[in-house]
2 protein chains.
Amino acid sequence: MRLVLAAGTTETALIERISAAGATPALMSQTPPADAEILVYGEPAQSPVTPVSPTGCPTPAAVTRAVRETVGFPVTVLEAGFAEPTAAPTVDLGAAPGGDIRVADPVPDASEVFEAARTVGRAIPDEHILVGETIPGGTTTALGVLRALGEPIAVSSSLPENPIKRKRAVVEEALETSKLGVGDCAGAPLEAVRRVGDPVLAAVAGVTAGALESGTRVRLAGGTQLLAAAAVVRHGEVVADSPLELATTSFVAADQGDALLEAADRLDLELLVTDPGFDRSDHVSMARYCAGEGKEGVGMGGALSLVDGEFGAVRDRLEVVCNRLGIDGGVGDGP
Amino acid sequence: MRLVLAAGTTETALIERISAAGATPALMSQTPPADAEILVYGEPAQSPVTPVSPTGCPTPAAVTRAVRETVGFPVTVLEAGFAEPTAAPTVDLGAAPGGDIRVADPVPDASEVFEAARTVGRAIPDEHILVGETIPGGTTTALGVLRALGEPIAVSSSLPENPIKRKRAVVEEALETSKLGVGDCAGAPLEAVRRVGDPVLAAVAGVTAGALESGTRVRLAGGTQLLAAAAVVRHGEVVADSPLELATTSFVAADQGDALLEAADRLDLELLVTDPGFDRSDHVSMARYCAGEGKEGVGMGGALSLVDGEFGAVRDRLEVVCNRLGIDGGVGDGP
């Protein structure tokens, strides 16, 4: 099953203490191209950065790549607002990087990006696709869009301690800037993306809508950012009733608990949760995921949903990928 | 082994009776995106065109895809001057479509495209890559570059009757426009590409140079256009002495005879010729290749060089790909 990965940036990631992957301007802008390169080439190519947290938790791209090297699946990367070049092949959606949502009109091209992605979604001939994302700061913009749509759905975090109060404060400020109340964009999802979202949400929703329109089944691959994308699709006019799956990791499920089931129910998503058994490994990368870091991203949960039966081969392969990325295999000390 | 495919356009293809794939403006501009989509998705996606000759000879992309579906290899498409959008993921080299070489300065961005491709070539982490091309009209621009470099090497054609006199006349006119004599660009290969070449030649030469510089082995995948690209590399300063392979089809070898061996020797290329045994099939696609149509392109000879032993599975798969492309399997009537 092809993984379609929407990759981009938002300056929202630069707000203090909001994102691991967006902690510095360099990480914010380099993580999506590096993730795309890891997925395509197995390691960063043109990108000077390997996205690894200070405690040794690798980007979920490493896990998705490990699954790819185990079971094999094709990849199409959608470029939805890069601030840096990449040697990974991408479909150019003509998107600009997203602005800080506390400033007016952070995604002025939301409709154009949605339509460009929709065209690609219609064109992709596969019968069934995974759709994932990589965008530092994306859970905050996801929360903004969910609030603007009036969907009472919480968001997760790539940090073990979710800075949820900080995110809520940012979103409140963003709604205020845009003079939006909760639910004001219900039925006008691209308005929500334009005013408090990010370009990757426009791309994920667009490619999903286009794929569904042309009879391709879609499995959203990820956590709460994909819930926001699903909400954008469900609030739209065209494919609001089409069957739609959400495949995520056990790490997101553990973090969200019943809220995840309720959100999936609310948005009429068939939910698939996959546990890769990282607790059976001492490798630092897997230990960090078990400690609540990373959790999801770069289509990780969707990729894991393609694995039949047991995950020993994926875990072994993840160690190989981590070695290639220069991640020491010892057990991490934690933060 | 990864296939890196440089794809682009030149208005030279629109000159009457010069190219099968460039016979009309629509075919000229749609063939490279369609080829990229066939390679990536197995069929045209966003492109409205399936490149098939009037006699039923499919684009070599169909053969390369059939090999890909048989033995499996990754693909990176370099966008070196598209006139139409594509749903295939590509690395954007910032190239404009090439102009008609009879008009001055048809590839003003030759150096920039070469450098962009060189950066990608350096970045790709693979140990060994194939480098191929798709550009309608490309053998004429190849002849132009070979003449400007002073390399006495002939070019092939995708038509059974090579309109070589026509090509020579076009190249003479181009050299005249640029006030260039034969060999005037020896040692200045990007000047040759800029004044009488096309953007795909700049991309192929650039990615090859960058790959060789970073220790990646390169197998040029194609016919006489790849000879011109090899000449550009050999006339450059950086990797003029690096080992370099050329993998082509038995159809090009049959067409070129000893001239191919001499050209490979002249440019210090290790030559691999692969015969896919299309004469064992009655399928129209393979019959047309045996009749001298198509011959090469889209990395076909390089892809075939990856097949171990016998080619029955590739031929069977080519029939599947042709069915998908809507090509009737009966024996063609010929032109």
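Residues numbered from 1 in each chain as written. Chains lettered and ligands numbered in written order. Predicted model: local features only at pLDDT ≥ 70, side-chain atom pairs only at ≥ 80, totals over all residues. Heavy atoms only, no water.

Undergrad: Teacher, can you tell me more about the overall build of chain A here?
TA: The helix and strand inventory of chain A stands at 13 helices and 7 strands. What you see for chain A is a C-alpha radius of gyration of 18 Å, in line with the 20 Å of a compact globule of 335 residues. Dimensions of chain A, computed from C-alpha atoms along their principal axes, come out at roughly 50 × 40 × 40 Å. In chain A, which comprises 335 residues, the proportion classed as buried is 63%. Considering only residue pairs separated by 6 or more positions, chain A has 80% of its internal contacts joining residues 24 or more positions apart. Carbon and sulfur atoms form 47% of the exposed surface of chain A, whose accessible area is close to 11,600 Å². Taken together, the 25 basic and 46 acidic charged side chains of chain A have centroids lying 2 Å from each other. (Helix = DSSP H or I, 4+ residues; strand = E, 2+ residues; numbered from the N terminus. Rg over C-alpha atoms; globule rule 2.2 N^0.38 Å. Buried < 20%, exposed > 50% of the residue type's maximum accessible area, 1.4 Å probe, protein only. Contact = heavy atoms within 4.5 Å. Areas by Shrake-Rupley, 256 points an atom, 1.4 Å probe, with all protein chains shown as cover. Lys, Arg positive; Asp, Glu negative; His and termini not counted. Charge placed at Lys NZ, Arg CZ, Asp CG, Glu CD.)

Undergrad: What exactly am I supposed to notice about the relation of the copies chain A and chain B here?
TA: Both copies of the chain are placed relative to one another by a rotation about an axis and a shift along it. Its rotation angle being 180°, the transformation that places chain A on chain B also includes 0.0 Å of axial translation and leaves an RMSD of 0.0 Å. Both chain copies can therefore be described as sitting about a two-fold axis. A shared binding surface is used by both copies, with 100% of the interface residues of chain A retained as interface residues in chain B. (Least-squares fit on C-alpha atoms with pLDDT ≥ 70 in both.)

Undergrad: Sorry if this is basic, but what is going on with the interface of chain A and chain B here?
TA: When the parts of a complex come together, some accessible area is lost, and that lost area is often taken as the interface size. Between chain A and chain B, the residue contacts involve 21 residues of the former and 21 residues of the latter. A per-residue breakdown of the area chain A buries against chain B is headed by Y41, P89 and P125 of chain A, which together make up 33% of the total. Across the chain A-chain B interface, the total number found is 0 salt bridges. There are 5 residue pairs in polar contact (both at pLDDT 80 or more) connecting chain A and chain B. Within the residue set of the side of chain A that touches chain B, elements represented by two or more residues are α1 (25-41), β2 (75-79), β3 (90-92) and α3 (110-123) of chain A. (Buried area = accessible area lost by both parts, 1.4 Å probe. Salt bridge = Lys/Arg side-chain N within 4 Å of Asp/Glu carboxyl O. Polar contact = N/O pair within 3.5 Å; in protein donor to acceptor, adjacent residues only side chain to side chain.)

Undergrad: Help me understand helix α2 (residues 60-71) of chain B in this model?
TA: An α-helical turn contains 3.6 residues, so a residue and the one three or four places further along point in the same direction. Residue and element names in this part refer to chain B. Taking 1.5 Å per residue as the helical rise, α2 with its 12 residues ought to reach 16 Å, and the 17 Å between its terminal C-alpha atoms agrees with that figure. Burial in α2 covers these residues: P60, A61, A62, V63, T64, R65, A66 and V67. Next to the buried residues of α2 lie β1 (2-7), α1 (25-41), α11 (284-290), α12 (300-304) and α13 (312-324). Directly after α2, the chain includes G72, whose backbone phi takes a positive value near 75°. (Expected span 1.5 Å × (residues − 1).)

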